[in-house]
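# Architecture at a glance
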Amino acid sequence: MKFNCDVSEWIEFGKRLAEIEKFDAMCQEAVRQLAKELHTMLVVETPVKTGRLRLGWQNGYNYAYKIKK
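Residues numbered from 1 in each chain as written. Predicted model: local features only at pLDDT ≥ 70, side-chain atom pairs only at ≥ 80, totals over all residues. Heavy atoms only, no water.

## Digging into the overall build of the protein
- A tally of helices and strands in the protein yields three helices and zero strands.
- The order of helices and strands in the protein, counted from the N terminus, is α-α-α.
- Expressed as a percentage of its 69 residues, the buried residues of the protein come to 7%.
- Per element, the accessible surface of the protein, about 6,900 Å² overall, is 59% carbon and sulfur. (Helix = DSSP H or I, 4+ residues; strand = E, 2+ residues; numbered from the N terminus. Buried < 20%, exposed > 50% of the residue type's maximum accessible area, 1.4 Å probe, protein only. Areas by Shrake-Rupley, 256 points an atom, 1.4 Å probe, with all protein chains shown as cover.)

Encoded structure:
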């Protein structure tokens, strides 16, 4: 089975988005907010028997908020 797909329009769209000055900052902020939301959900969904595991999410360095492009 052969599948052909023309992505040239998507590539052009990506180039135009990259030219927008605030696009990179907007993307970083969106990713940061998503990371915070996911982290909160993870902490809430952590099983609680003694509470120590849930408290462990608050100790140490939090890598969830570092954004790499």
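## Quick word on the packing of aromatic side chains
- Within this structure, the stated rule accounts for one aromatic pair.
- Note on Trp10 and Phe13: the rings are 6.1 Å apart at their centroids and 85° apart in plane angle, and the pair reads as edge-to-face. Pair noted here: Trp10 and Phe13 are both in helix 1 (residues 8-19), with a separation of three residues, about one helical turn.
- Judged by relative accessible area, Trp10 falls into the exposed class, the value being 64%. (Phe/Tyr/Trp six-rings, centres within 6.5 Å; stacked < 30°, edge-to-face > 60°.)

## Examining the confidence of the model for the protein
- Chain-level pLDDT for the protein is 77 on average; 84% of the residues reach the 70-or-more range.
- By mean pLDDT, helix 3 (residues 52-56) is the weakest element of the protein at 75, and helix 1 is the strongest at 84. (pLDDT = per-residue confidence, 0-100.)

## A word on helix 2 (residues 23-45)
- For helix 2, which comprises 23 residues, the first-to-last C-alpha distance of 33 Å matches the rise-based estimate of 33 Å (1.5 Å per residue) to within 8%.
- Tucked inside the fold, the buried residues of helix 2 contact helix 3. (Expected span 1.5 Å × (residues − 1). Contact = heavy atoms within 4.5 Å.)

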